[in-house]
Amino acid sequence: LNSKNIVFGDFVSFNSEEFNKNQAYFIDQINELNYPVIVKPSQLGSSIGIKKVNDEKELKKALNYAFKYDDFIIVEKGLENFREFNCAIFKNTVSEIEEVEVKSDIFTFEDKYQTHESKHLLPALIDDQLKEKIIDMTIKTSQSLRNESIARIDFLYDKDENEIYVNEINTIPGALSYYLFESKGNYFDELLDMLITETMKRNYKKKLLLNHFSS
């Protein structure tokens, strides 16, 4: 992705079989990231299974915890002084950018769905240069992964380095992240109509392709 000017933080990734065969190697790789690091299951959402780790002792516990939820793990370099932004995309429509402010180190499941202590600033209070960069990286990330539906891209902005990183892509995000599109004039019912229409078009095109080969 870096070839398309999509910037992401340093990370190490592996599945359970790889890790069990060569634990010392992967732990050394993680130690080189320098703590703190973020351990998370690759394919889950809503911050489930994620832990912030401050040393190697905590690392082993966090890995065991994450492997309960997913067979593939990502360990990322943690940021200490950062801001978090979200931007959604569907086809050629890029949503408004929001900033998420939380009191804890990680935007946890509890923050999202139980305590409601997080604060969402919509639109995010950022300068035009950063806004354009987030929009550009949203489009390029979606295209690079050949995303065909609604997705929300989450970003982390390192205030010490003045750098914006792609953190993750959420395909079919909760409630379709409809509120991010409202400023573009696309409300929830319209977003559903667009999604259904595009799905039908994609299915029609798929049926036109050959699905057999004589041999």
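Note that the structure is a prediction, hence the values are computed from the model and not measured. (Residues numbered from 1 in each chain as written. Predicted model: local features only at pLDDT ≥ 70, side-chain atom pairs only at ≥ 80, totals over all residues. Heavy atoms only, no water.)

J.: What should I look at first to understand the sheet that holds strand 5 (residues 82-90) in this one?
T.: Where strands meet in a sheet, backbone hydrogen bonds hold them as pairs that are either parallel or antiparallel. The sheet built from five strands is open, its strands ordered 7-6-5-8-9 with antiparallel pairing. Each edge of the open sheet carries a strand with a single partner, namely strand 7 (119-121) and strand 9 (163-171). Sheet twist, expressed as the average angle between the axes of neighbouring strands with direction ignored, equals 30 degrees. Note: strand 5 against strand 8 (residues 151-158), eight bridges, orientation antiparallel. Residue Ala-88 lies in a different strand from strand 8, and its bridge partner there is Arg-152. Here helix 5 (residues 128-144) sits on the sheet and contacts strand 5, strand 6 (93-101), strand 8 and strand 9; the angle it forms with strand 5, its principal contact strand, is near 50 degrees. (Pairing = 2+ DSSP bridges. Helix = DSSP H or I, 4+ residues; strand = E, 2+ residues; numbered from the N terminus. Axes fitted to C-alpha atoms, helices over the stretch in contact; angles between N-to-C directions. Contact = heavy atoms within 4.5 Å.)

J.: So what exactly am I meant to see when it comes to the side chain of Asp-154 here?
T.: Following the sequence through the fold, Asp-154 ends up in strand 8. Judged by its relative accessible area of 4%, Asp-154 is buried. Only 2.8 Å separates the side chain of Asp-154 from the side chain of Arg-152, close enough to count as a polar contact. Apart from residues no more than four positions distant in its own chain, Asp-154 is found in contact with Phe-85, Asn-86, Tyr-165, Val-166, Asn-167, Glu-168 and Asn-170. (Buried < 20%, exposed > 50% of the residue type's maximum accessible area, 1.4 Å probe, protein only. Polar contact = N/O pair within 3.5 Å; in protein donor to acceptor, adjacent residues only side chain to side chain.)

J.: Would you explain the sheet that holds strand 3 (residues 51-53) in this entry?
T.: Spatially, the four strands line up as an open sheet ordered 1-4-2-3, and their pairing is antiparallel. The outermost strands of the open sheet, each flanked by one partner alone, are strand 1 (11-15) and strand 3. The mean inter-strand angle of the sheet, taken between neighbouring strand axes irrespective of direction, is 20 degrees. Pairing geometry for strand 2 (residues 37-41) and strand 3, over three bridges, is antiparallel. Paired with Ile-38 across the bridge in strand 3 is Lys-52. Helix 2 (residues 23-33) rests against strand 1, strand 2 and strand 4 (72-77) of the sheet, and its axis sits at about 160 degrees to strand 1. Sheet strands touched by helix 3 (residues 56-66): strand 1, strand 2, strand 3 and strand 4. Its angle to strand 3, the strand with the most contacts, is close to 160 degrees.

J.: Sorry, what's going on with the packing of aromatic side chains here?
T.: The geometry of an aromatic ring pair is captured by two quantities: the separation of the ring centres and the angle between the planes. Inspection of the entire model under this criterion finds nine aromatic pairs. Judged by centre distance (6.0 Å) and plane angle (40 degrees), the rings of Phe-19 and Phe-67 are tilted. Pair noted here: Phe-19 is in helix 1 (residues 16-21) and Phe-67 is in the loop between helix 3 and strand 4, with a separation of 48 residues, a long-range link. On the basis of relative accessibility, which here comes to 6%, the residue Phe-19 falls in the buried class. Ring plane angle 70 degrees and centroid distance 5.3 Å describe the contact between Tyr-178 and Phe-188, whose orientation is recorded as edge-to-face. (Phe/Tyr/Trp six-rings, centres within 6.5 Å; stacked < 30°, edge-to-face > 60°.)

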